[in-house]
Number of protein chains: 2
Amino acid sequence: MGLWYDEHYKDQIRFGLKVKQTLFMGQSPYQKVAVVDTEAFGRALLLDDVWMTSEWDEHYYHEMLVHPAMTTAPKIDRVLIVGGGDGGTAREVLRYPEVKEVVLVEIDELVVEASKNYLPTIGTAWDDPRLKVYYQDAVAWVQNAELGSFDVILIDGADPVGPAEGLFASTFYEACKAAMKPHGVFVTQNESPVIYRDTHVQTIRRMAEVFGSSHPYYSTVPLYCGGEWSWTWASRETDPLAVIPERAALVEQSTKLYNAEYHRGAFAIPNRLKRQLGR
Amino acid sequence: MGLWYDEHYKDQIRFGLKVKQTLFMGQSPYQKVAVVDTEAFGRALLLDDVWMTSEWDEHYYHEMLVHPAMTTAPKIDRVLIVGGGDGGTAREVLRYPEVKEVVLVEIDELVVEASKNYLPTIGTAWDDPRLKVYYQDAVAWVQNAELGSFDVILIDGADPVGPAEGLFASTFYEACKAAMKPHGVFVTQNESPVIYRDTHVQTIRRMAEVFGSSHPYYSTVPLYCGGEWSWTWASRETDPLAVIPERAALVEQSTKLYNAEYHRGAFAIPNRLKRQLGR
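Criteria and thresholds
- Residues numbered from 1 in each chain as written.
- Chains lettered and ligands numbered in written order.
- Predicted model: local features only at pLDDT ≥ 70, side-chain atom pairs only at ≥ 80, totals over all residues.
- Least-squares fit on C-alpha atoms with pLDDT ≥ 70 in both.
- Contact = placed C-beta atoms within 7 Å.
- Core = buried A, V, L, I, M, F, W, Y, C linked by C-beta atoms within 7 Å.
- Buried ≥ 20, exposed ≤ 12 C-beta atoms within 10 Å, placed from the backbone.
- Pairing = 2+ DSSP bridges.
- Helix = DSSP H or I, 4+ residues; strand = E, 2+ residues; numbered from the N terminus.
- Right-handed = clockwise from strand over helix to strand, strands pointing away.
- Domains from an automatic or database assignment.
- Nonpolar A, V, L, I, M, F, W, Y, C, P; charged D, E, K, R; others polar.
- Axes fitted to C-alpha atoms, helices over the stretch in contact; angles between N-to-C directions.

Some thoughts on the relation of the copies chain A and chain B
Phase 1: For the pair chain A and chain B, the superposition axis carries a translation of 0.0 Å, the fit reaches an RMSD of 0.0 Å, and the rotation angle comes to 180°. The operation mapping one copy onto its partner corresponds to a two-fold rotation axis.
Phase 2: When you check the interface residues of chain A against chain B, 97% turn up at the interface there too, and the contact is symmetric in its surfaces.

Notes on the nonpolar core
Phase 1: Of all hydrophobic cores here, the largest spans 180 residues; its most connected members are Val79(A), Val152(A), Leu154(A), Val79(B), Val152(B) and Leu154(B).
Phase 2: Those residues in contact with Val152(A) that lie beyond four places of it in its chain are Ala69(A), Met70(A), Ala73(A), Ile76(A), Val79(A), Gly184(A) and Val185(A).

Thoughts on the pairing of strand S8 (residues 131-134) of chain B
All names here are of chain B.
Phase 1: The sheet contact formed by strand S7 (residues 101-105) and S8 spans 4 bridges and is parallel. Residue pairing across strands places Val 103 opposite Lys 132, the latter belonging to S8.
Phase 2: Where the polypeptide runs from S7 across helix H3 (residues 109-118) and back to S8, its parallel neighbour, the crossover connection is right-handed.

Comments concerning the domain arrangement of chain A
Residues and elements named next belong to chain A.
Phase 1: You can read the domains of chain A as domain 1 (3-54) and domain 2 (58-277).
Phase 2: With centres defined by C-alpha atoms, the gap from domain 1 to domain 2 works out at 23 Å.
Phase 3: Tallying the contact residues gives 22 residues for domain 1 and 22 residues for domain 2.
Phase 4: Secondary-structure elements contributing two or more residues to the side of domain 1 that touches domain 2 are strand S1 (3-9), strand S2 (13-27), strand S3 (32-38), strand S4 (42-47) and strand S5 (50-54).
Phase 5: Partitioning the side of domain 1 that touches domain 2 into residue classes produces 14 nonpolar, 5 polar and 3 charged.

Some words on the sheet that holds strand S10 (residues 180-189) of chain B
All names here are of chain B.
Phase 1: Taken together, the 7 strands give an open sheet; going across it, the order is S8-S7-S6-S9-S10-S12-S11, and neighbouring strands pair in mixed fashion. Of all strands in the sheet, those with a lone pairing partner are S8 and strand S11 (215-220), marking the two edges. Averaged over all pairs of adjacent strands, the angle between strand axes in this sheet comes to 15°, irrespective of strand direction.
Phase 2: When S10 meets strand S12 (residues 228-234), the two strands line up antiparallel, connected through 4 bridges. Paired with Phe 186 across the two strands is Ala 234, which belongs to S12.
Phase 3: Sheet strands in contact with helix H1 (residues 58-70) are strand S9 (150-156), S10, S11 and S12, and its direction is about 160° off that of S9.
Phase 4: Its contacts with the sheet put helix H6 (residues 197-211) on S10, S11 and S12, and the angle it makes with S12 is roughly 10°.

Given below as structure tokens:
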């Protein structure tokens, strides 16, 4: 038998991995943080008993959060990451030599500490001099950020319950828009389009209200309930499908999932959602 | 707590659904057949304790198996379905008024009986006069089929262990090619590209050898381990991306997932597989 960790969704669905060893377990002011070593997915991070990322499948999530923004934004000098305490998003952003500064605002220092100690293969860029880390509530941080100062903003938060709830609010999107250049690109993880369908649709609509338009895109994250996952892309002036070939060619040398064709394909909207969104 | 059914993959990963009631459990000469009523996914079919389909998520699998073939094949008069005992594939094929005959060859009559009795919302087309059902080993059946007689062949079988193993062999693909018209389209479910990566890649290569080229495509099936799933499309004369607009417009009226844009997007190959396949 051995030891299993199961994430339960509404006491109806569970996804479990057999665990060789619990490497870390702690409680921060915000949440329970755990890192376990699993047989199938390698080392994995859980927050409040929900699977967040693993060594084996983290590229699905991080590549699809990062590269659709980074290959379309006209400039990528300054990038803001909200959340992202495991370091995977920063690592993907810092692959681009054009990037001059990455600001990572993570509310929970314990997530970063646990990830630095136990998930070193995910956060490989903590020592990059271009990266600045602040342990603060991003909602407040963005409201005080310099106006029009970011080229790309990436929201790498958890489900909209607990500490990440404010990252799905219109007021937060307004603050991000103000902190971003007009050509800037904003992308948020946007949940499972089926398991969290209401949140998913509401987020697309809110972002369209704030930014003028919004574009959901879809792929898989094996660790997340149901496997289907989504992100949503928005910009005032930039086209989500106009991939800059040089940038794509650069990252395609090392990506496991992402390439320019996959990028464009991911923006096709499943039919039922298309109908619901009126697109 | 309540009762849970968990599918185990290699005693390393498990995906479980809470069950309200076991509706049917039987043993055929080929496999154990069960239908359970789950809280989250409605009624669901298991073969040898592996999740096969459910009322709630069956459209992901059936729409993506059927419509990429049916919207690209120049003619769709005669369609062969291999496996497909739950009836979902036949239902999607029979949506097209152009279809004159559908032959379904399923090895296990118990799967069809259990599905007819307990999954009536999936197999809604059993009484369509265009549908002929044979309970035979499809490998032998196809070898004796009239040459060049089918426009579309769809392989709707289980994993390549047990009764479905022969459906992944080159000899079977050769027999299918012989039974198909030159413009005909052949599609098989082709497993998880990560969990069953070796099978997945081998199948793409075998099909390319037999048909001249082959085209994998990707989407999600929430019920299947890891969520990511694939199918592979092949034809001697037809283009997988040349969707016939009238056919797509017809089925898009009722599909939950499939539309022409989603079809084209699904054929983008994840980067690591693209490298491995040399494409």
